[in-house]
Amino acid sequence: MTKHDPILAAAQRARAAIPDDSAMLRAAADLAREFSVADPRIFWSDMLASALVGWGAMAGAILIDNVAIAIGCAIVSMLALYRAASFIHELTHYRKGALPGFRAGWNLIVGLPLMIPSFMYEGVHTQHHARTRYGTSEDPEYLPLALMKPWSLPLFILVAALAPVGLILRFGVLAPLSLLIPPLRRKVVAEFSALSINPAYRRRAPEGDFARMWAWQEAGASLVALGLIGSVFAFGWKPLLVYMAIHAAMTVVNQLRTLVAHLWENEGEAMTVTAQYLDSVNVPPPATLPALWAPVGLRYHALHHLLPSVPYHALGKAHARLMETLEPGSPYRKGNYAGMMPLVGKIARSTMNR
């Protein structure tokens, strides 16, 4: 790690302190004002269509006996539900009143059935965007993965593959028990109630309206988890195993997407906005596969760190505008990459070289 090597530590501080590029930040601020309005028609139609295809294809994977067709249905289900689930990211950013009923609708149709209610991300993800927290030990969504041991990357993916099991245990076992055991409740809230990757992150107990929203979402997810456990006795193992396989595959794809969302080269230093941008990743057109593995605007992750208030459906337009208006030497262009595999290779080489 860099803290043991003065030369590497100095290089790390230099990366974190890259001067902010005023032209890029000024252009981003102008676009934030122009594109900050979320379109409810796009949000609702996209989310509902994705969920309908996803749940329908899962039913096909469970009910169809032909193995090849069932696997095809499972792949379609995974991709569609992954897209539908990705709206949890948008929920953390849209302004109050901008999309009436969308939070409740998403939770009922997607979040609760997948045991990822929005309270697991709301109030967490915004800390990742805090100017003084990004890339530090207080960032719930950051680890210096590029500076860690080679085995850390396979472990990072393996944890995601076990997510359905962990969620069933969290909501079907720990949540009911924690209501009877106060010390367990405090541990569940602090350590098992956030979709984060920083193992040191501890969450505060909710208060006020958020506590009430947390309560009904947690109760709903617990009913789903208990229903999944009980389904084995009513329908046998196949429905549960298909559900868990699709859920695990979806979570692994998201974890791979997370692995290339940043360069993960910061080791605790507070970073300038431009440094945060350069540590983040866009995978813009003409690449086509990112539309599948980084849906709902996630292919513009670096741009999102410049424009967190801009809804996903406007990020493509904002990116095109910035590419047209900024100078060829702008730092903005340095945040654009061609695809997933070169980025995975880059971080893998970094861990092995260390």
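Everything quoted here is computed from the prediction, not taken from an experiment.

## What to know about the overall build of the protein
Part 1 of the reasoning: For the protein, the helix and strand inventory stands at 17 helices and 0 strands.
Part 2 of the reasoning: Taking 354 residues into account, the globule formula puts the C-alpha radius of gyration at 20 Å, and the protein, at 21 Å, falls close to it.
Part 3 of the reasoning: Summarising its shape, the C-alpha atoms of the protein cover approximately 60 × 45 × 45 Å along the three principal directions.
Part 4 of the reasoning: The 354 residues of the protein split such that 52% are buried.

## Points about unusual backbone geometry
Part 1 of the reasoning: In this model, P285 is joined to P286 through a cis peptide bond whose omega is 20 degrees.
Part 2 of the reasoning: Along the chain, P286 turns up in the loop between α13 (273–278) and α14 (290–293).
Part 3 of the reasoning: At M115, a position not held by glycine, the phi torsion is positive, near 60 degrees.
Part 4 of the reasoning: Residue position: M115 is located in the loop between α6 (102–111) and α7 (125–128).

## So, helix α2 (residues 22–35)
Part 1 of the reasoning: Its 14 residues give α2 an end-to-end C-alpha distance of 20 Å, which sits within 8% of 20 Å, the value for a rise of 1.5 Å per residue.
Part 2 of the reasoning: Where α2 is concerned, the buried positions are M24, A27, A28, L31, A32 and F35. Taken down its axis, α2 places every buried residue within 145 degrees of arc, on the same side. The exposed residues of α2 that point more than 90 degrees off its buried face are R26 and R33.
Part 3 of the reasoning: Buried residues belonging to α2 abut α13, α15 (301–306) and α16 (312–325).

## Overview of the pattern of salt bridges
Part 1 of the reasoning: As enumerated under the stated definition, the model contains 12 salt bridges in all.
Part 2 of the reasoning: When the shortest N-O distance is used, the salt bridge between E138 and R133 registers 3.9 Å.
Part 3 of the reasoning: Overall, E138 belongs to the partly exposed group, its relative accessible area being 48%.
Part 4 of the reasoning: Judged by relative accessible area, R133 falls into the partly exposed class, the value being 28%.
Part 5 of the reasoning: In the salt-bridge network here, residues are joined through shared partners; they are R170, R185 and E218.

## Looking at the packing of aromatic side chains
Part 1 of the reasoning: A full pass over the atoms with the stated rule returns 12 aromatic pairs.
Part 2 of the reasoning: With 5.5 Å between their ring centres and 85 degrees between their planes, F43 and F102 make a pair best called edge-to-face. Within this pair, whereas F43 is found in helix α3 (residues 40–63), its partner F102 is found in helix α6, the two being separated by 59 residues in sequence.
Part 3 of the reasoning: Overall, F43 belongs to the buried group, its relative accessible area being 1%.
Part 4 of the reasoning: Judged by its relative accessible area of 0%, F102 falls in the buried class.

## Considerations on the side chain of R299
Part 1 of the reasoning: You can see R299 is positioned in the loop between α14 and α15.
Part 2 of the reasoning: Apart from the residues within four sequence positions on either side, R299 is in contact with V281, N282, V283, P284, P285, A287, P290, A291 and A294.

## Considerations on helix α9 (residues 163–178)
Because an α-helix packs 3.6 residues into every turn, residues spaced three or four apart end up facing the same way.
Part 1 of the reasoning: The largest bend along α9 reaches roughly 30 degrees and is located at R170.
Part 2 of the reasoning: Among all positions in α9, only A163, P164, L167, I168, R170, F171, G172, A175 and S178 are buried.
Part 3 of the reasoning: The inward-facing, buried residues of α9 abut α8 (152–161), α10 (182–191), α11 (208–235) and α12 (238–259).

## Observations regarding the environment of N353
Part 1 of the reasoning: Residue position: N353 is located in helix α17 (residues 340–353).
Part 2 of the reasoning: With relative accessibility at 70%, the residue N353 sits in the exposed group.

## Comments concerning the packing of α9 against α11
Part 1 of the reasoning: Between α9 and α11, the least distance of the axes is 8 Å, while the angle of their chain directions is 100 degrees. When the axis of α9 is compared with that of α11, the two are roughly perpendicular. Facing α9, whose interface residues are I168, R170, F171, G172 and A175, α11 presents W214, E218, A221, S222, A225, L226, L228 and I229.

## Digging into the side chain of S77
Part 1 of the reasoning: With respect to the helices, strands and loops of the structure, S77 is situated in helix α4 (residues 67–85).
Part 2 of the reasoning: For S77, a relative accessible area of 0% translates into the label buried.
Part 3 of the reasoning: Here the side chain of S77 touches G54 through a polar contact of 2.8 Å, landing on its backbone oxygen.
Part 4 of the reasoning: Not counting chain neighbours up to four residues away, the residues in contact with S77 comprise G54, A57, M58 and I246.

Thresholds applied
- Residues numbered from 1 in each chain as written.
- Predicted model: local features only at pLDDT ≥ 70, side-chain atom pairs only at ≥ 80, totals over all residues.
- Heavy atoms only, no water.
- Helix = DSSP H or I, 4+ residues; strand = E, 2+ residues; numbered from the N terminus.
- Rg over C-alpha atoms; globule rule 2.2 N^0.38 Å.
- Buried < 20%, exposed > 50% of the residue type's maximum accessible area, 1.4 Å probe, protein only.
- Expected span 1.5 Å × (residues − 1).
- Arc of directions from axis to C-beta.
- Contact = heavy atoms within 4.5 Å.
- Salt bridge = Lys/Arg side-chain N within 4 Å of Asp/Glu carboxyl O.
- Phe/Tyr/Trp six-rings, centres within 6.5 Å; stacked < 30°, edge-to-face > 60°.
- Bend = angle between axes of the 7 residues up to and from the residue.
- Axes fitted to C-alpha atoms, helices over the stretch in contact; angles between N-to-C directions.
- Parallel < 35°, antiparallel > 145°, perpendicular 65-115°, else oblique.
- Polar contact = N/O pair within 3.5 Å; in protein donor to acceptor, adjacent residues only side chain to side chain.

From the geometry alone we can't say anything about function, so treat these as descriptive.
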